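Commentary on secondary and tertiary structure
If you want the building blocks of each chain, they are given just below.
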Amino acid sequence: EEDGHIERITGTTWRRARVKRGKDPLRGKLSINRRGMGFVRLDEASKAQARDDSDIYIGELDLADALDGDTVEVGRVSPSPRGPVGKIIRVVERATHTVVGYYQKVSDKEGEVIPRSAFLHRRVIVDPPAKELGIRDHEWVVAKITDFTNAPRALRGEVVERLGAAHDKGID
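In this report, we go over the structure that sits alongside the text.

Each value, and the rule that gives it
- Residues numbered from 1 in each chain as written.
- Predicted model: local features only at pLDDT ≥ 70, side-chain atom pairs only at ≥ 80, totals over all residues.
- Heavy atoms only, no water.
- Helix = DSSP H or I, 4+ residues; strand = E, 2+ residues; numbered from the N terminus.
- Pairing = 2+ DSSP bridges.
- Axes fitted to C-alpha atoms, helices over the stretch in contact; angles between N-to-C directions.
- Polar contact = N/O pair within 3.5 Å; in protein donor to acceptor, adjacent residues only side chain to side chain.
- Buried < 20%, exposed > 50% of the residue type's maximum accessible area, 1.4 Å probe, protein only.
- 1 Å grid on protein atoms, 1.4 Å probe; cavity = no way out; pocket = protein on both sides within 12 Å on 5 of 7 lines; lining within 4 Å.
- Points joined across faces, edges and corners; volume = space filled by probe spheres on them.
- Nonpolar A, V, L, I, M, F, W, Y, C, P; charged D, E, K, R; others polar.
- Core = buried A, V, L, I, M, F, W, Y, C linked by side-chain atoms within 4.5 Å.
- Contact = heavy atoms within 4.5 Å.

Examining unusual backbone geometry
That bond from Ala 151 to Pro 152 is cis: its omega, 5°, falls within 30 degrees of zero. For Pro 152, the location among the structural elements is in the loop between β11 (139-147) and β12 (155-165). Despite not being glycine, Ala 64 shows a phi value in the positive range, around 55°. Relative to the helices and strands, Ala 64 is located in the loop between β5 (56-58) and β6 (71-78). Positive phi values are uncommon outside glycine, yet His 138 reaches one of about 70°. Of note, His 138 is situated in the loop between β10 (124-126) and β11.

A word on the sheet that holds β10
Read around the closed barrel, the five strands follow the order β8-β9-β10-β12-β11; overall the barrel is mixed. Strand-to-strand twist of the sheet, defined as the mean angle between neighbouring strand axes without regard to direction, takes the value 50°. In this sheet, β12 lies alongside β10 in parallel orientation, the contact comprising three bridges. Bridging from a neighbouring strand, Ile 125 pairs with Arg 156 of β12.

Looking at the sheet that holds strand β4 (residues 38-42)
Judged by pairing direction, the barrel is mixed, and its five strands sit side by side in the order β3-β4-β5-β7-β6 before closing back on the first. On average, adjacent strands in this sheet sit at an angle of 50° to one another, irrespective of strand direction. Taken together, the five bridges between strand β3 (residues 26-32) and β4 define a ladder with antiparallel strand orientation. Looking at β4, one finds that Leu 30 is bridged to Val 40.

Quick word on the pairing of β6
Bridging between β3 and β6 involves four bridges; their strand directions are antiparallel. Bridge pairing in β6 links Leu 26 to Val 74. Sheet topology note: the β6/strand β7 (residues 85-93) ladder contains six bridges and is antiparallel. Within the sheet, the bridge partner assigned to Thr 71 lies in β7 and is Glu 93. Connecting β6 to the antiparallel partner β7 that follows it, the hairpin turn spans six residues, and Gly 83 within it adopts a positive phi of roughly 130°.

Description of the side chain of Ser 46
Summarising the element assignment, Ser 46 is placed in helix α1 (residues 44-50). Only 2.7 Å separates the side chain of Ser 46 from the backbone nitrogen of Arg 27, close enough to count as a polar contact.

Some details on the pairing of strand β9 (residues 111-115)
A large share of β9 lies buried, amounting to four of its five residues. Pairing analysis gives five bridges linking strand β8 (residues 98-105) to β9, with the strands arranged antiparallel. Its bridge partner lying in β9, Tyr 103 is registered against Val 113.

A look at empty space enclosed by the protein
Considering all chains together, one arrives at two cavities of 30 Å³ or more under this definition. Of the voids in this model, the largest cavity is the one considered here, and its volume is about 90 Å³. For the largest cavity, the full set of lining residues is Ile 32, Gly 36, Glu 60, Leu 63, Ala 66, Leu 67, Asp 68, Phe 119, Leu 120, His 121, Arg 122 and Ala 151. Per-class residue counts for the lining of the largest cavity are seven nonpolar, two polar and three charged.

Examining the nonpolar core
Core analysis: the largest hydrophobic core is formed by 17 residues, its most contacted members being Leu 30, Val 40, Ile 56, Ile 58, Val 72, Val 74 and Ile 88. Secondary structure elements with two or more residues in this core: β3, β4, β5, β6 and β7. If we skip the residues at most four places from it in the chain, Ile 58 touches Met 37, Gly 38, Val 40, Leu 63, Val 74, Gly 86, Lys 87 and Ile 88. Counting 14 residues, the second-largest nonpolar core is a separate cluster that includes Leu 67, Val 124, Ile 135 and Leu 155.

Right, dumping it as structure tokens:
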């Protein structure tokens, strides 16, 4: 147990250690499911370091500012009966910079974009779109993310493109 090769689960139950103590954070790609739970699939170097190729579960409050598809560093990995559990330390590389969604005006000073993707569970708060874009309430838009806030808070961004109304041809 001291050298990190095995660990006690309960009482007299032992298993191989999932993570070497005192090593660098593990790195991998984050996938978020439809229910908002995250799983990090480790890269080859991290699999060797952890001596395990199990995905690491990340709870919604431990996602930090990471989004689906981001390459992340994971820390505080601990065993659980269902597998290793961790916390996002930082995003190494962003996979998502824009969001396609439904624009809604919230007030004269801000609106929100509700993402179309089932894997993005966070709204994007935006300033009112530029008049030259011709965007009206309840239309599909593209928003550029400008501030990646920690989950579960809404992201911040700006509307950069009008895609059209729900009834327009080609919008589905």
